[in-house]
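# Remarks on the overall topology
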Amino acid sequence: QARLAESGGGLVQPGGSLRLSCKASIDLFSLSPMAWYRQVPGKSRELVAGIGTTGATNYGDSVKGRFAISRDNGFDMVYLEMNNLKPEDTAVYYCNAARNINSDVSGIYEFGEGTLVAVSS
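Structure report, in brief. (Residues numbered from 1 in each chain as written. Predicted model: local features only at pLDDT ≥ 70, side-chain atom pairs only at ≥ 80, totals over all residues. Heavy atoms only, no water.)

Here the structure, examined in full by the defined rule, presents six salt bridges. Put simply, Glu-81 and Arg-19 hold a salt bridge, and the shortest N to O gap is 3.8 Å. With a gap of 62 residues between them, Glu-81 in strand 8 (residues 77-82) and Arg-19 in strand 3 (residues 18-25) connect regions that are remote in the sequence. Using a relative accessible area of 30% as the deciding quantity, one classes Glu-81 as partly exposed. In this structure Arg-19 comes out as partly exposed when scored by relative accessible area, which is 45%. Among the charged side chains, a salt-bridge network with shared partners connects Arg-38, Glu-46, Arg-66 and Asp-89. (Salt bridge = Lys/Arg side-chain N within 4 Å of Asp/Glu carboxyl O. Helix = DSSP H or I, 4+ residues; strand = E, 2+ residues; numbered from the N terminus. Buried < 20%, exposed > 50% of the residue type's maximum accessible area, 1.4 Å probe, protein only.)

Okay, structure coming up:
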């Protein structure tokens, strides 16, 4: 059974940094494009960043130049390094396998609990 477990969120001041981690217990992790998503209550889920099986990456316009996604196939882990955080980055962040890293906002597996990122002074 697939399981996605995110961690690393917290409260941070504007301009601060956080590193999110995701343990993806899924079949054939190394062959799966992976993505980070975020959602604010009452709003649609947003694709934040994606990483393909060869390491190609894609970022949402609002996070380009500030966020960096990476993966470790040896440990089935996906990371999201977030710098220069802004209040509008406040959301629950989720990871999931993706059908493609450019536009898939649905993910493949059932989403985990996510990790809350709150940016506030």
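Before going further, it helps to spend a moment on the environment of Leu-80. The residue Leu-80 is located in strand 8 in this model. Overall, the relative accessible area of 0% leaves Leu-80 in the buried class. As for Leu-80 and Cys-95, which are separated by 15 residues in sequence, their C-alpha atoms are 9.5 Å apart. Excluding residues within four positions of it along the chain, Leu-80 makes contact with Leu-18, Arg-19, Leu-20, Trp-36, Val-48, Ala-49, Phe-67, Ala-68, Ile-69 and Tyr-93. (Contact = heavy atoms within 4.5 Å.)

Moving on: the pairing of strand 9 (residues 91-97). Of all seven residues making up strand 9, six are buried, and the element is well covered by its neighbours. Across six bridges, the pairing between strand 4 (residues 34-39) and strand 9 is antiparallel. Across the sheet, residue Tyr-37 finds its bridge partner in strand 9, namely Tyr-94. Where strand 9 lies against strand 10 (residues 115-119), three bridges are found, and the strand directions are antiparallel. When the sheet's bridge partners are listed, Val-92 is paired in strand 10 with Leu-116. (Pairing = 2+ DSSP bridges.)

The quantities given are spatial measurements derived from coordinates; they are silent on function.
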